[in-house]
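# Structural overview for review
Each chain is listed here by its residues.
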Amino acid sequence: MPAESPAAARGGRFLRVGGLTPFTSIDFPGRLSAVVFVQGCPLRCTYCHNPHLQTRQAPVDSAPQWTQVREWLSRRQGLIDAVVFSGGEPTVDPMLPDAMRETRALGFAIGLHSAGTHPRRLAHVLPLIDWIGLDIKAPLDDSAAYDRLTGIRGSAANALACLNAVLDSGVKFEVRTTAHPLWLSDAALVQLTRDLKHRGVRNHVLQIARSTAQQPAPHMLDYPCGETIEFMSSCFDSFSIRRD
C-alpha cells in the first residue's frame, strides 16, 4: 500500500497548481526539468505575463491537481532530472514544503523561482532546494521605484531580506531582472548592478520584457545600450541576456 503523503495526512490540503510544463532545459541550469506553476502572487508587476496566476482562486480550468502532478512525476523518473516550482509566487502556498519533500522523495532535484515576497517562508524552504532563481526587479536602494513597479508597498524590503537569506544559505542561485525601458532606464540597471555586485551576487540574468499593447517598447532593439551591457557583464562571473 503506498505511503500516505504529508498533505493527505493533514486532511487533504495540497499545493494549488496553476499549470505544468512537462519538459524544459532552461528553467534549471544544467538540468532537464519539469516546471510546476503555483497559483497566486501578491505582486502586480506592470509587465506580468502570467496574470492568470495572480489570484489564489485559479481561473484555469485545465490546471491539474497536485495529486495528479505527483502521480505524473512518479512516471517521469529517469526522464527528467529536476522539478522547478514557479509561479505566480510559490512561497505564497503553505503546502510548498510538503510538495517539495514529496518531489524529492521521487528522486528529483528541486528548483525554485521566486520574486522574493515572503522572506520567512523562503528561508523555511531553502534547505529543501538545490537551486533558486531569485527575481530582483529594480534597484534595492530605491524602494519607491521598486514599489511602483510591483504595485505593492514594502516589496523592496522583502526582496532584500530574501536575497540576504539566499546569500547566507549557500544554495546555488542566480538573480534575474526583468527589464523594460519604461520602468528601468540604463542608469537604473547600472545602479542595480553595482548594488548586486556589492552584496556578493555573482550570477545575473537580464530578461528583456516582451512589448505589449499595455507596455509598448518602441526601442527594445537598442535596450540596454552597449555600454550598459558591457558594464553589467564585467561585474559578474556569469551574465547573460534573454530576449524572447
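Structure: see above.
So, here is what we can say about the structure in this document. Computed from a predicted structure; not experimentally measured. Residue indices follow the written sequence of each chain, beginning from 1 at its first position. Note on the predicted model: pLDDT of at least 70 is required for a residue's local features to be given, and 80 or more for side-chain atom pairs to be given and counted; whole-chain, interface and lining totals, by contrast, use all residues. Values reported for side chains reflect all heavy atoms of the structure, with hydrogen atoms and water molecules removed beforehand.

### Quick word on unusual backbone geometry
A cis amide bond, omega 10°, links Gly 87 with the succeeding residue Gly 88. For the purposes of this entry, the term helix denotes a DSSP run of H or I that reaches at least four residues, the term strand denotes a run of E that reaches at least two, and both are numbered from the N terminus. With respect to the helices, strands and loops of the structure, Gly 88 is situated in the loop between strand E3 (82–86) and helix H3 (96–105). Omega for the peptide link from Tyr 223 to Pro 224 comes to -10°, which places this bond in the cis form. Relative to the assigned elements, Pro 224 resides in the loop between strand E7 (203–208) and helix H8 (226–234).

### A word on the pattern of salt bridges
Within this document, salt bridges are pairs made up of a side-chain nitrogen of Lys or Arg and a carboxyl oxygen of Asp or Glu, the two lying within 4 Å of each other. Per the stated rule, a full pass over the model turns up 9 salt bridges. Taking the shortest distance from any N to any O, the salt bridge between Arg 70 and Glu 102 comes out at 3.0 Å. Residue Arg 70 is found in helix H2 (residues 66–74), and its partner Glu 102 is found in helix H3; the two are separated by 32 residues along the sequence. The class of Glu 102 is buried, set by a relative accessible area of 10%. In this structure, Glu 71 and Arg 75 form a salt bridge, with 3.4 Å as the shortest nitrogen-oxygen distance. Judged by its relative accessible area of 52%, Arg 75 is exposed. Where salt bridges share partners, they join Asp 135, Lys 137 and Arg 176 into one cluster. Each residue is assigned to one of three classes by its accessible area relative to the maximum for its type, calculated with a 1.4 Å probe on protein chains only: buried under 20%, partly exposed between the two thresholds, exposed over 50%.

### Some remarks on the packing of aromatic side chains
Two aromatic rings, drawn from Phe, Tyr or Trp (for Trp, its six-membered ring), form a pair once their centres lie within 6.5 Å of each other, and the interplanar angle then sorts them: stacked below 30 degrees, edge-to-face above 60, tilted otherwise. Under the defined criterion, the tally for this structure stands at 3 aromatic pairs. Ring centres 6.3 Å apart and planes at 20° place the aromatic pair Phe 236 and Phe 239 in the stacked group. Accessibility assignment for this pair places Phe 236 and Phe 239 in one class, buried.

### Observations concerning the nonpolar core
Definition of nonpolar core: a set of buried residues of the types Ala, Val, Leu, Ile, Met, Phe, Trp, Tyr and Cys, connected through side-chain atoms within 4.5 Å. By size, the foremost hydrophobic cluster in this structure holds 52 residues, and its most contacted members are Leu 15, Trp 66, Phe 85, Met 100, Leu 112, Ile 136 and Leu 163. Contacts are residue-level and defined by heavy atoms, with any inter-residue pair within 4.5 Å sufficient. Leu 15 has contacts with Val 36, Val 38, Trp 66, Phe 85, Asp 93, Met 95, Leu 96 and Ala 99, leaving out every residue within four places of it along the chain. Leu 43, Ala 115, Leu 149 and Ala 209 belong to the second-largest nonpolar core, a separate cluster that totals 7 residues.

### Some details on the pairing of E3
In terms of residue burial, E3 counts as a mostly covered element, since 5 of its 5 residues are buried. Burial along E3 is two-sided: the face carrying Ala 82, Val 84 and Ser 86 and the face carrying Val 83 and Phe 85 are both buried. Alignment of strand E2 (residues 33–38) against E3, held across 5 bridges, turns out to be parallel. By the bridge assignment for E3, Val 36 is matched with Phe 85. The pairing criterion for strands is at least two bridges between them, as found by DSSP. Examined bridge by bridge, E3 and strand E4 (residues 109–114) share 4 bridges and lie parallel to one another.

### A look at the sheet that holds E3
Strand order across the open sheet formed by 8 strands is E1-E2-E3-E4-E5-E6-E7-E8, with mixed pairing between neighbours. Unpaired on one side and paired on the other, strand E1 (17–24) and strand E8 (238–243) mark the two borders of the sheet. The average angle at which neighbouring strand axes cross in this sheet is 20°, direction not considered. A fitted line through C-alpha atoms serves as each axis, taken over the contacting stretch for helices, and the angle formed by two N-to-C directions is quoted from 0 to 180°. Helix-sheet contacts for H2 involve E1, E2 and E3, and the interaxial angle to E1 is about 15°.

### Observations regarding helix H5 (residues 143–150)
When H5 is considered as a whole, its buried residues turn out to be Ala 145, Tyr 146, Asp 147, Leu 149 and Thr 150. Where H5 is buried, its residues contact strand E5 (131–135) and helix H6 (155–169). One or two residues past the end of H5 sits Gly 151, with phi positive at roughly 75°.

### Considerations on the packing of H5 against H6
Where H5 contacts H6, the two axes come as close as 8 Å, and the packing angle between them is 100°. Classified by the interaxial angle, the pair formed by H5 and H6 is roughly perpendicular. Residues Ser 143, Tyr 146, Asp 147 and Thr 150 of H5 form the contact with H6, whose participating residues are Ser 155, Ala 156 and Ala 159. Asp, Glu, Lys and Arg are counted as charged, while Ala, Val, Leu, Ile, Met, Phe, Trp, Tyr, Cys and Pro are counted as nonpolar; the rest, among them Gly, fall into the polar class. Partitioning the contact of H5 with H6 into residue classes produces 3 nonpolar, 3 polar and 1 charged. Roughly parallel means an angle under 35 degrees; roughly antiparallel, over 145; roughly perpendicular, 65 to 115; everything else is oblique.

### Brief notes about the packing of H2 against H3
Close contact between H2 and H3 brings their axes to 10 Å; oriented N to C, the two are set at 20°. Between H2 and H3, the interaxial angle falls into the category roughly parallel. Handedness of the crossing formed by H2 with H3: right-handed. Seen from H2, the contacting residues are Trp 66, Arg 70 and Leu 73; seen from H3, they are Ala 99, Glu 102 and Thr 103. Residue composition of the contact of H2 with H3, grouped by class: 3 nonpolar, 1 polar and 2 charged. For a crossing to be left-handed, the near helix must be turned anticlockwise from the far one by less than a right angle; the clockwise case is right-handed.

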